[in-house]
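Remarks on the overall topology
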Amino acid sequence: MKKYDVAVVGAGPVGSTVARYIADEGYDVVMFERKRAVGIPLQCAGLLGKRIKDTNILPQQYILNKVYGAYLHSPSDNILKVSRKDPEAYVIDRVGYDKFLSEQAIDSGVELLLNHKVNSLNIKTGEVLVSNTNQSFKAEIVIGADGHSSCVSEKFNPQSKSVMAAQYLMDMRGDVFDIDNVHLYANANISPGFLWIIPITKSLVRIGLFANMDYNGLNRVLKEFIQSDDLYKHAKIIKKYHGFIPNYDPKKNLVNDRAILLGDAASQVKPTTGGGLMIGFECAKMASTTILRALQLEDQSILKEYENSHKKRFKSELRVQSEVQKIFGSLTNKDLDEMFLKLKEGNAEELISKYGDMDTQSTLIKEMIKNRLLFSIVPTLLTRRIGSLWK
Ligand SMILES: Cc1cc2nc3c(=O)[nH]c(=O)nc-3n(C[C@H](O)[C@H](O)[C@H](O)COP(=O)(O)OP(=O)(O)OC[C@H]3O[C@@H](n4cnc5c(N)ncnc54)[C@H](O)[C@@H]3O)c2cc1C
């Protein structure tokens, strides 16, 4: 049986990143990937907040577009426009980026085994069984970075819940989009999910949504959306994608014996947007610090420190986002339309432009509570519930 210091299950962006951090320090790392190639099929809108550059390597060649702001649409199309002078987010080539991150890991010494599906593991001994090749491996520490239906997580957590997301890559056959802005559509029928339009070029866009419905339901909503607007009369769907976004779960155990969870496997996603890359990368750094200490001191009980630092860093932000998501989920289309009107009247566009952040929404919510804007748009009881999160 081949032995390693660390075994990473899943060569997604988060798995490749943590594997690289550990191999960089001279440890033997193996990474199992069930697919024959990293990164495909695409399961992402590829929108990353500008802080990505402080969080992980992102070479220029994977940035397809820079986004400065957003149009937020209510169900009756009351629009809020928020924008910044400098780019707020990047639209990335996610397939290329995933491949790049795995190659970086290999360059650092990680052994990447493609077409290796981990079937079972023993979190007490660190034994990993790959069923399709009928091989066993052993590692001091096993990292579950195997996505939303993680087999590592299921060893010490109940099955995770997720919502489905679907996306079309569309050629508009003409320059019809302003490439500086994304469009986000709120509607009670898909709440607390939303629909997005992310321009790659003036004529190439990603249109998608996540919602609590099955694949057919998501496709129906997307098709109705496209058919309802003359803008898409000549447009062509080039590719269809779909995937799962895990529900944020504050009760999830992230560590048990020799196993540790990261990324979608750890349900590390932002409840409001479903985005998982930034938080996953930040957790990869955090986890690697703890794992390296555990390896140096040959004491796996140190792994628990990751759970504590994770709580300290994210608990309050994710709780706020969960509350916001619950409130959105309870609003009707009439409520949403009224809310957008009140936000416009209350000068929210300026406030969101100043304090809004793709990754950290608690700062904006605090500002909205401070200048009483939140009281005007959501019932007082709910505002108090959000306000009390900081007490
Ligand atoms: C439609 C859609 C749009 C999204 N848009 C955005 C966005 O714009 N911005 C953003 O930040 N996030 C977005 N997300 C979320 C983002 O894609 C995920 O958070 C991110 O991929 C998580 O990375 P990961 O490495 O944790 O997991 P994954 O990317 O899921 O990678 C897990 C890897 O593990 C492998 N694997 C699974 N099981 C096994 C096994 N048993 N053995 C071996 N290998 C295994 C899988 O094949 C996969 O390669 C989107 C998600 C969807 C579905």
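Here is what the cut-offs are and how they apply
- Residues numbered from 1 in each chain as written.
- Predicted model: local features only at pLDDT ≥ 70, side-chain atom pairs only at ≥ 80, totals over all residues.
- Heavy atoms only, no water.
- Helix = DSSP H or I, 4+ residues; strand = E, 2+ residues; numbered from the N terminus.
- Expected span 1.5 Å × (residues − 1).
- Bend = angle between axes of the 7 residues up to and from the residue.
- Buried < 20%, exposed > 50% of the residue type's maximum accessible area, 1.4 Å probe, protein only.
- Pairing = 2+ DSSP bridges.
- Axes fitted to C-alpha atoms, helices over the stretch in contact; angles between N-to-C directions.
- Contact = heavy atoms within 4.5 Å.
- Near = heavy atom within 4 Å.
- Polar contact = N/O pair within 3.5 Å; in protein donor to acceptor, adjacent residues only side chain to side chain.
- Areas by Shrake-Rupley, 256 points an atom, 1.4 Å probe, with all protein chains shown as cover.
- Phe/Tyr/Trp six-rings, centres within 6.5 Å; stacked < 30°, edge-to-face > 60°.
- Lys NZ or Arg CZ within 6 Å of the ring centre and 35° of its normal.
- Parallel < 35°, antiparallel > 145°, perpendicular 65-115°, else oblique.
- Left-handed = near helix turned anticlockwise from the far one by under 90°.

The end-to-end C-alpha distance of helix α6 (residues 304-330), which contains 27 residues, comes to 36 Å, matching closely the 39 Å that a straight helix rising 1.5 Å per residue would cover. Its maximal kink placed at phenylalanine 314, α6 deviates by approximately 50 degrees. Among the residues of α6, Tyr306, Glu307, His310, Phe314, Glu317, Leu318, Val320, Gln321, Ser322, Glu323, Val324 and Ile327 are the ones counted as buried.

Strand pairing in a sheet takes place through backbone hydrogen bonds and is either antiparallel or parallel in direction. Spatial strand order, β6-β5-β13-β14-β15-β12-β16: seven strands in an open sheet with mixed pairing. The strands lining the two open edges of the sheet, one partner per strand, are β6 (79-83) and β16 (236-246). Neighbour-to-neighbour, the strand axes of this sheet turn through a mean angle of 15 degrees, independent of strand direction. Inspection of the sheet shows strand β5 (residues 69-73) paired to β6 by five bridges, in the antiparallel sense. Within β6, the position partnered with tyrosine 71 by the bridge is lysine 81. Of the strands in this sheet, β12 (162-171), β13 (181-185), β14 (194-199), β15 (204-211) and β16 are in contact with helix α4 (residues 215-227), which crosses β12 at around 35 degrees. Packed onto the sheet, helix α7 (residues 333-345) meets β5 and β6 and runs at close to 50 degrees relative to β6.

This part takes up the site of the ligand. Around the ligand, the structure places 33 residues, and the nearest of them are Glu33, Ala45, Leu47, Arg94 and Asp264. Contacts to the ligand include glutamate 33, whose side-chain N or O atom sits 2.6 Å from an oxygen atom. Within the backbone of leucine 277, one N or O atom sits 3.0 Å away from an oxygen atom of the ligand. In isolation the ligand has 1000 Å² of accessible area, and contact with the protein removes 92% of it.

With glycine set apart, most residues show a phi of negative sign, and most peptide bonds adopt trans. Residue proline 41 follows isoleucine 40 across a cis peptide bond; omega there is 0 degrees. Here proline 41 lies in the loop between β2 (29-32) and β3 (47-49). Serine 191 connects to proline 192 through a cis peptide bond whose omega is 0 degrees. With respect to the helices, strands and loops of the structure, proline 192 is situated in the loop between β13 and β14.

Let us look at the packing of aromatic side chains. Summed over all chains, the structure comprises 10 aromatic pairs. Taking the centre distance of 6.0 Å and the plane angle of 65 degrees together, the rings of phenylalanine 194 and tryptophan 196 count as edge-to-face. Site record: aromatic cluster; members linked through ring pairs are Tyr62, Tyr97, Phe100 and Phe281. The side chain of lysine 81 reaches across the aromatic face of tyrosine 71, ending 5.1 Å from its centre. Here the basic side chain of lysine 285 rests over the ring of tyrosine 21, its NZ or CZ set 4.0 Å away from the ring centre.

With respect to topology, three strands assemble into an open sheet ordered β3-β7-β4, the strand pairing being antiparallel. Unpaired on one side and paired on the other, β3 and β4 (63-67) mark the two borders of the sheet. When the angles between neighbouring strand axes are averaged without regard to direction, this sheet yields 30 degrees. Pairing between β4 and strand β7 (residues 89-92): four bridges, direction antiparallel. Across the sheet, the residue bridging to lysine 66 is tyrosine 90, located in β7.

With respect to the helices and strands, the residue asparagine 157 is situated in the loop between β11 (135-144) and β12. One polar contact links the side chain of asparagine 157 to the main-chain amide nitrogen of asparagine 253, over a distance of 2.9 Å.

Once that is clear, we can look at the pairing of β14. The element β14 is largely enclosed, with a buried count of six among its six residues. Because side chains alternate across β14, one face comprises the buried residues Phe194, Trp196 and Ile198, and the other comprises Leu195, Ile197 and Pro199, equally buried. Inspection of the sheet shows β13 paired to β14 by three bridges, in the antiparallel sense. From the neighbouring strand, tyrosine 185 faces β14, where its bridge partner is leucine 195. Here β14 runs beside β15; their pairing, made up of six bridges, is antiparallel. Among the inter-strand pairings, leucine 195 is bridged to a residue of β15, identified as leucine 209. Taken together, β14 and the strand that follows it, β15, pair antiparallel across an intervening segment of four residues.

What follows concerns the packing of helix α1 (residues 13-23) against helix α3 (residues 94-107). The geometry of α1 relative to α3 is characterised by a closest axis approach of 8 Å and an angle of 20 degrees between their N-to-C directions. On the basis of their axis angle, the class for α1 and α3 is roughly parallel. The way α1 lies across α3 gives a crossing that is left-handed. Facing α1, whose interface residues are Pro13, Ser16, Thr17 and Arg20, α3 presents Arg94, Asp98, Leu101, Ser102, Gln104 and Ala105.

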